[in-house]
Amino acid sequence: MAYDNAEQLEEFRLETRKWLEANCPPSMRTPMVDDEVVWGGRNATFKNPDSKVWLDRMAEKGWTAPEWPKEYGGGGLTRAEARVLEQELRRIKARAPLFSFKGKTRWCQGYSEPGAGSDLAGLQTRCEDKGDHYLINGQKVWTSYADKADWIFCLVRTDTSTKHEGISFILFDMKSPGVEARPIQLISGESPFCETFFTDVKVPKDQLVGRLNGGWEIAKRLLQFERSSISSSGFGGTGSLSPEEYAKQLIGTDESGRLLDGDLRGRLADHRMYAKAFALTVQRQTEQAKAGQAVGHTASILKYGAAKMNQDRHELLIEALGTEGLGWAGEGFDKGALRVTRQWLRSKGNSIEGGTSEINLNVIAKRVLGLKEHQ
């Protein structure tokens, strides 16, 4: 049953609130730390047993993907109902039951290559037709969590005589012989990205998605979705205090509760207004997409804006921390502050992942503003 008008939505809210109160374990209403984040997949681990309970209960309701159709494992909720669910989850400070790609199978994305990052269509990973199977050879890079993924959806070259029209989209198991994933250590100390190598990997022909040499059209749509998804999440939170909260604690406030540093106070206010306007813009785009309206290249605009916004946020966090922002490890530093320092370094990649800011600006210039290339 869909709840459309205000009275029905209020009924849905009360039902949702009652269900969440009965089914969300108390430990799932506390701040989440990085090593407790729950991923899907056949090798899923749960540091806190309640994480599995919370995941199973939400998955049974279809609320790990609330707006997906029920036949695909989702909740079948309307956008208005999903918004109510989000509000009620925030009200009880509930943790996300499942992070990133959803389902029993954990996926990674095989797109970028050492020589094909910004110019993705220049990819060279070969996929040859061997009669009863395909044979894949090549390399991908910056493959997020490839070392932990069950399967990969991968762009491969099936025709070397043409560029965009010679690319296909294929799926295969990461345990296939010839697949090797090597984590890349970042300056933040983490290794979420991998180099991924394919050496004579045999893939059944029925795992090709769409038509042969038609993979670029699929890839473009997925990139639009990725950029929109990244933008709507704002690259995620820090799992710690906001810049305003840190500034108040470490810099102090006057008798009226205002931050003592007037310059920082003004920049924090500017950032908050930008973030609010950005959230409303993302919401408008989501509603347009739900209504069947073409969103065109809005995803590039939002991805560029989200990257800048998140990087600015982390710069403000580091400034608000003062000397606490110099910490890296060891005693004497707040654990939340140490996490912020590493995430500040991690935020430098926001303008690269999901399409570089330079490429997105080119898309905006050519496809949105109609500017001609300089001759």
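What you see is a predicted model; the values in this text were computed from it and never measured. (Residues numbered from 1 in each chain as written. Predicted model: local features only at pLDDT ≥ 70, side-chain atom pairs only at ≥ 80, totals over all residues. Heavy atoms only, no water.)

Draft legend 1. Representation of the overall build of the protein chain within the structure. Within the protein chain, the secondary structure is distributed over nine helices and eight strands. The C-alpha radius of gyration computed for the protein chain amounts to 23 Å, which stays within 12% of the reference 21 Å derived for 375 residues, consistent with globular compactness. C-alpha extents for the protein chain along the principal axes are approximately 75 × 55 × 50 Å. The buried share of the protein chain, taken over its 375 residues, is 41%. (Helix = DSSP H or I, 4+ residues; strand = E, 2+ residues; numbered from the N terminus. Rg over C-alpha atoms; globule rule 2.2 N^0.38 Å. Buried < 20%, exposed > 50% of the residue type's maximum accessible area, 1.4 Å probe, protein only.)

Draft legend 2. Geometry of the domain arrangement of the protein chain. Its domain assignment divides the protein chain into domain 1 (6–91), domain 2 (107–213) and domain 3 (218–368). The straight-line distance from the C-alpha centre of domain 1 to that of domain 3 is 25 Å. At the junction of the two partners, domain 1 supplies five residues and domain 3 supplies six residues. Seen at the junction of domain 1 and domain 3, the total is zero salt bridges. For the interface between domain 1 and domain 3, the tally reads zero residue pairs in polar contact (both at pLDDT 80 or more). (Domains from an automatic or database assignment. Contact = heavy atoms within 4.5 Å. Salt bridge = Lys/Arg side-chain N within 4 Å of Asp/Glu carboxyl O. Polar contact = N/O pair within 3.5 Å; in protein donor to acceptor, adjacent residues only side chain to side chain.)

Draft legend 3. Region of interest: the pattern of salt bridges. Applying the stated criterion across every chain, the model contains 23 salt bridges. As a salt-bridge pair, Glu10 and Arg13 come within 3.7 Å of each other at their nearest N and O atoms. A residue pair is termed a helical-turn pair when its members lie 3 or 4 positions apart in one helix, as Glu10 and Arg13 do in helix H1 (residues 6–23) at three residues. As a salt-bridge pair, Arg42 and Asp173 come within 2.8 Å of each other at their nearest N and O atoms.

Draft legend 4. Summary view of the packing of aromatic side chains. All told, the structure shown has 10 aromatic pairs when counted by the stated rule. Here the aromatic rings of Trp19 and Trp63 are separated by 5.3 Å at their centres, their planes lie at 70°, and the arrangement is edge-to-face. Residue Trp19 is located in helix H1, and its partner Trp63 is located in the loop between helix H2 (49–61) and helix H3 (79–91); the two are separated by 44 residues in the primary sequence. With respect to burial, Trp19 and Trp63 carry one shared label: buried. Arranged with centres 6.4 Å apart and planes meeting at 90°, the rings of Tyr111 and Phe153 form a pair that is edge-to-face. Placement of Tyr111 in the loop between strand S1 (107–110) and strand S2 (126–129) and of Phe153 in strand S4 (residues 151–157) is noted, with a sequence separation of 42 residues between them. By relative accessible area, Tyr111 is classed as buried at 4%. A relative accessible area of 12% means that Phe153 is categorised as buried. Joined through ring pairs, the aromatic side chains of Trp107, Tyr111, Trp151, Phe153 and Phe169 make up one cluster. A cation sits over an aromatic face here: Lys61 above Trp63, 4.6 Å from the ring centre. (Phe/Tyr/Trp six-rings, centres within 6.5 Å; stacked < 30°, edge-to-face > 60°. Lys NZ or Arg CZ within 6 Å of the ring centre and 35° of its normal.)

Draft legend 5. Structural view of the packing of H1 against H2. Packing of H1 against H2 leaves a shortest axis separation of 11 Å and a crossing angle of 150°. By the criterion of interaxial angle, the relationship of H1 to H2 is roughly antiparallel. Between H1 and H2 lies a crossing whose hand is right-handed. On H2, the residues touching Trp19, Leu20, Ala22 and Asn23 of H1 are Trp54, Arg57, Met58 and Lys61. Here the contact of H1 with H2 is built from residues that sort into five nonpolar, one polar and two charged. (Axes fitted to C-alpha atoms, helices over the stretch in contact; angles between N-to-C directions. Parallel < 35°, antiparallel > 145°, perpendicular 65-115°, else oblique. Left-handed = near helix turned anticlockwise from the far one by under 90°. Nonpolar A, V, L, I, M, F, W, Y, C, P; charged D, E, K, R; others polar.)

Draft legend 6. Spotlight on the packing of helix H5 (residues 243–250) against helix H6 (residues 262–290). The N-to-C vectors of H5 and H6 enclose an angle of 165°; their axes lie 10 Å apart at closest approach. Of the possible angle classes, the one that applies to H5 and H6 is roughly antiparallel. The chirality of how H5 crosses H6 is left-handed. The residues of H6 that touch H5, namely those facing Pro243, Glu244 and Ala247, are Leu264, Leu268 and Arg272. Looking at side-chain class alone, the contact of H5 with H6 contains four nonpolar, no polar and two charged residues.

Draft legend 7. Focus on unusual backbone geometry. At Trp142, a residue that is not glycine, the phi angle is positive and equals roughly 60°. On the secondary structure map, Trp142 appears in strand S3 (residues 133–144). In this structure, Tyr145 is a non-glycine residue whose phi angle is positive, near 55°. Relative to the assigned elements, Tyr145 resides in the loop between S3 and S4.

Draft legend 8. Region of the structure containing the pairing of strand S7 (residues 193–204). Sheet topology note: the S3/S7 ladder contains 10 bridges and is antiparallel. Note that in S7 the partner of Ser144 across the bridge is Phe193. Sheet topology places strand S6 (residues 179–184) next to S7; six bridges connect them, and they run antiparallel. In the strand pairing of S7, Glu180 is matched with Phe197. (Pairing = 2+ DSSP bridges.)

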